[in-house]
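# A closer look at the structure
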Amino acid sequence: MKPIDRVNSTEKGTLKNPFKSTDKAITDEGHKIYMGLSCNGCHGGGGGGGMCPPLTNETWVYGGDDDTLFRLIVLGSDELKKKYSLSRKGQETVVGPMPPFGEIIDDETKLWKAIAWIRSVWGGRAEKKVWE
């Protein structure tokens, strides 16, 4: 299923990643997908940030659960905030909007694998982990 279709047909808060961030084969594939979608252009090749927030620290601007991250990538930050009445959290100083990727990513499996890779490079405290 296309990620945009999944977002439009699924209740907020119910999306869960079927892949584990501890599965090296999955995370290796997820990193290739991440790079292929040019996520590295904004978030850095290793997820450490750049002109957009790092994916390696424990600050998740809109929340770190699977559902929110999936919807953020699909809808982009402006639509996510509008559709779900969300606001920014944390102390990140990078405030540019994330563009929507829902029409670009053709298979939700690819998105979940990219998210599994993002999870694998996250370096926050264990008590801040809100997945798996």
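In the block above lies the structure referred to throughout.
Parameters at a glance
- Residues numbered from 1 in each chain as written.
- Predicted model: local features only at pLDDT ≥ 70, side-chain atom pairs only at ≥ 80, totals over all residues.
- Heavy atoms only, no water.
- Helix = DSSP H or I, 4+ residues; strand = E, 2+ residues; numbered from the N terminus.
- Core = buried A, V, L, I, M, F, W, Y, C linked by side-chain atoms within 4.5 Å.
- Buried < 20%, exposed > 50% of the residue type's maximum accessible area, 1.4 Å probe, protein only.
- Axes fitted to C-alpha atoms, helices over the stretch in contact; angles between N-to-C directions.
- Parallel < 35°, antiparallel > 145°, perpendicular 65-115°, else oblique.
- Left-handed = near helix turned anticlockwise from the far one by under 90°.
- Contact = heavy atoms within 4.5 Å.
- Nonpolar A, V, L, I, M, F, W, Y, C, P; charged D, E, K, R; others polar.
- Expected span 1.5 Å × (residues − 1).
- Bend = angle between axes of the 7 residues up to and from the residue.
- Polar contact = N/O pair within 3.5 Å; in protein donor to acceptor, adjacent residues only side chain to side chain.
- 1 Å grid on protein atoms, 1.4 Å probe; cavity = no way out; pocket = protein on both sides within 12 Å on 5 of 7 lines; lining within 4 Å.
- Points joined across faces, edges and corners; volume = space filled by probe spheres on them.

Even without a glycine there, the phi angle at Ser38 is positive, about 65°. Structurally, Ser38 can be placed in the loop between helix H2 (24-36) and helix H3 (40-43).

Ranked by size, the top nonpolar core spans 29 residues in total, and within it Trp60, Phe70, Ile73, Val74, Leu75, Leu111 and Ile115 carry the most contacts. Residue contributions to this core peak at eight residues, all from helix H4 (residues 66-84).

The next point concerns the packing of H4 against helix H5 (residues 108-121). At a minimum axis separation of 11 Å, H4 and H5 run at an interaxial angle of 120°. With respect to H5, the element H4 is oriented oblique. Taken as a pair, H4 and H5 cross one another with a handedness that is right-handed. Counting all contacts with H4, which are made through Asp66, Leu69, Phe70, Ile73 and Val74, the residues of H5 involved are Glu108, Leu111, Trp112, Ile115 and Arg119.

With that settled, consider the environment of Pro100. Tracing the chain through its elements places Pro100 in the loop between H4 and H5. Taking the C-alpha atoms as reference, Pro100 lies 3.8 Å from Gly76; in sequence the two are 24 residues apart. If we ignore the near neighbours within four places in the chain, the residues touching Pro100 are Ile73, Val74, Leu75 and Gly76.

This part takes up the packing of H2 against H5. Contact geometry of H2 with H5 gives a least axis separation of 7 Å together with a crossing angle of 105°. When the interaxial angle is binned, H2 and H5 end up roughly perpendicular. Facing H2, whose interface residues are Ile26, Thr27, Glu29, Gly30, His31, Ile33 and Tyr34, H5 presents Lys110, Lys113, Ala114, Ala116, Trp117, Ile118 and Ser120. The class makeup of the residues in the contact of H2 with H5 is seven nonpolar, four polar and three charged.

This part takes up H4. Under the 1.5 Å per step criterion, the end-to-end length of H4 is only 15 Å for 19 residues, more than 12% shorter than the ideal 27 Å. At Gly76, H4 shows its maximal kink, close to 115°. For H4, the N-terminal capping position is held by Asp65, with its side-chain oxygen 3.3 Å away from the main-chain nitrogen of Asp67.

What follows deals with the layout of surface pockets. What the largest pocket holds in volume is close to 440 Å³. Taken together, 29 residues make up the lining of the largest pocket; nearest its centre are His43, Leu55, Leu72, Ile73 and Met98. Looking at the lining of the largest pocket, the elements that each hand over two or more residues are H3, H4 and H5. Counting residues per element, the lining of the largest pocket draws most heavily on H4, which supplies four residues.

Tracing the chain through its elements places Arg71 in helix H4. Side chain to side chain, Arg71 and Asp67 meet in a polar contact 2.7 Å long. In this structure Arg71 touches Val7, Thr10, Glu11, Lys12, Gly13, Leu15, Gly76, Leu80 and Tyr84, once residues within four positions along its chain are discounted.

Moving on: the side chain of Asp67. Along the chain, Asp67 falls in helix H4. On the basis of relative accessibility, which here comes to 1%, the residue Asp67 falls in the buried class. For Asp67, the side chain forms a polar contact with the main-chain nitrogen of Thr14, separated by 3.1 Å. Dropping the residues within four chain positions of it, Asp67 is found in contact with Glu11, Lys12, Gly13, Thr14 and Leu15.

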